[in-house]
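Overview (structure and organization)
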Amino acid sequence: MRRMERQPGACPTLTTPLPGARKRDDPTNLEGAVSADIASMLARRYGSRAAMVLAIIGAHRELAMRIVPGAPAIGAEVIHAIRAEMATSVSDFLVRRTSMVWRDPAAAVAAAPEVARIMGVEFGWSAERIAAATARFFARPGLREVAAISVGEAIAKELREDADGRTALKSK
């Protein structure tokens, strides 16, 4: 500020809470709409913004379920990530929004096709685009090996390596 010959102003973030950090009116308002374990997960992940995810569940009850059994995320979170956090790819959700790829790699690998399907519905993607989005996720370094170990050879067999070393879904 001195180099710009300006006086420093008051720090606006000193008293402004981060998004989701505001006090919730009723910390139990998540329960009833979803199971207690999912309510706890949403409250920890989104804080006061968990209500935004609940609104999606209100419109699409089927999105209240875990993406795959045991996954630390539900379908409504994919829609929330698209609408409120500008997620545009499977990696955006599984790597950047939920960190599932590091916290639970097996669940991330198992969830990728369903995440791509949910994104496809929201974005209006074709079946080919959904398959390509899934393949791009599995093209991330190390995920092909995780797929083979965690979910079994079924997913790994659906992937092929192009002549230039890129991973893609096999053509049917």
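Residues numbered from 1 in each chain as written. Predicted model: local features only at pLDDT ≥ 70, side-chain atom pairs only at ≥ 80, totals over all residues. Heavy atoms only, no water.

**Notes on the packing of helix 1 (residues 36-46) against helix 3 (residues 75-85)**
Each pair of packed helices gets described by two things: the angle between the helix axes and the distance between those axes. Two numbers describe how helix 1 lies on helix 3: the axes approach to 14 Å, and their chain directions differ by 20°. As judged from the angle between their axes, helix 1 and helix 3 are roughly parallel. Regarding helix 1 and helix 3, the two cross each other, and that crossing is right-handed. Facing Met41, Leu42, Arg45 and Tyr46 of helix 1, the residues of helix 3 in contact are Glu77, His80 and Glu85. (Axes fitted to C-alpha atoms, helices over the stretch in contact; angles between N-to-C directions. Helix = DSSP H or I, 4+ residues; strand = E, 2+ residues; numbered from the N terminus. Parallel < 35°, antiparallel > 145°, perpendicular 65-115°, else oblique. Left-handed = near helix turned anticlockwise from the far one by under 90°. Contact = heavy atoms within 4.5 Å.)

**Some details on the environment of methionine 86**
Looking at the element boundaries, methionine 86 is found in the loop between helix 3 and helix 4 (90-97). The contact partners of methionine 86, leaving out residues within four places of it in the chain, are Ala81, Asp92 and Arg97.

**Notes on the packing of helix 2 (residues 50-59) against helix 3**
Direction vectors running N to C along helix 2 and helix 3 enclose 115°, while the axes themselves pass 9 Å from each other. Crossing geometry of helix 2 relative to helix 3 is assigned as right-handed. Facing helix 2, whose interface residues are Met52, Val53, Ile56 and Ile57, helix 3 presents Ala76, Glu77, Ile79, His80, Arg83 and Ala84. Along the lines of polarity and charge, the residues of the contact of helix 2 with helix 3 split into 7 nonpolar, 1 polar and 2 charged. (Nonpolar A, V, L, I, M, F, W, Y, C, P; charged D, E, K, R; others polar.)

**Looking at the confidence of the model for the protein chain**
Confidence along the protein chain averages 80 in pLDDT terms, with 72% of residues attaining 70 or more. Scored below 50 in pLDDT, residues 151-155 shows 9 contacts in the model against residues more than four places distant or in partner chains. (pLDDT = per-residue confidence, 0-100.)

**With respect to the side chain of glutamate 77**
Position of glutamate 77 relative to the elements: it lies in helix 3. A distance of 2.8 Å separates the side chain of glutamate 77 from the backbone nitrogen of isoleucine 74, its partner in a polar contact. Residue contacts for glutamate 77: discarding those within four places in its chain leaves Met41, Leu42, Arg45, Tyr46, Val53, Pro72 and Phe93. (Polar contact = N/O pair within 3.5 Å; in protein donor to acceptor, adjacent residues only side chain to side chain.)

**Notes on the nonpolar core**
Within the largest apolar cluster, 45 residues are counted, with the highest numbers of intra-cluster contacts made by Val90, Leu94, Val115 and Phe137. Looking at this core, the elements with two or more residues in it are helix 1, helix 2, helix 3, helix 4, helix 5 (100-103), helix 6 (105-123) and helix 7 (127-138). Excluding anything up to four places from it in sequence, leucine 94 contacts Ser99, Met100, Val101, Ala108, Ala111, Ala112, Val115 and Phe137. (Core = buried A, V, L, I, M, F, W, Y, C linked by side-chain atoms within 4.5 Å. Buried < 20%, exposed > 50% of the residue type's maximum accessible area, 1.4 Å probe, protein only.)

**Section: the packing of aromatic side chains**
Using the criterion set out here, one finds 2 aromatic pairs in the structure. On the numbers, 5.2 Å between centres and 25° between planes, the contact of phenylalanine 123 with tryptophan 125 is stacked. Residue phenylalanine 123 is classed as partly exposed on the basis of its relative accessible area of 36%. On the accessibility criterion, tryptophan 125 (13% relative accessible area) is buried. Here the aromatic rings of phenylalanine 137 and phenylalanine 138 are separated by 5.4 Å at their centres, their planes lie at 70°, and the arrangement is edge-to-face. On the basis of relative accessibility, which here comes to 1%, the residue phenylalanine 137 falls in the buried class. In this structure phenylalanine 138 comes out as buried when scored by relative accessible area, which is 2%. (Phe/Tyr/Trp six-rings, centres within 6.5 Å; stacked < 30°, edge-to-face > 60°.)

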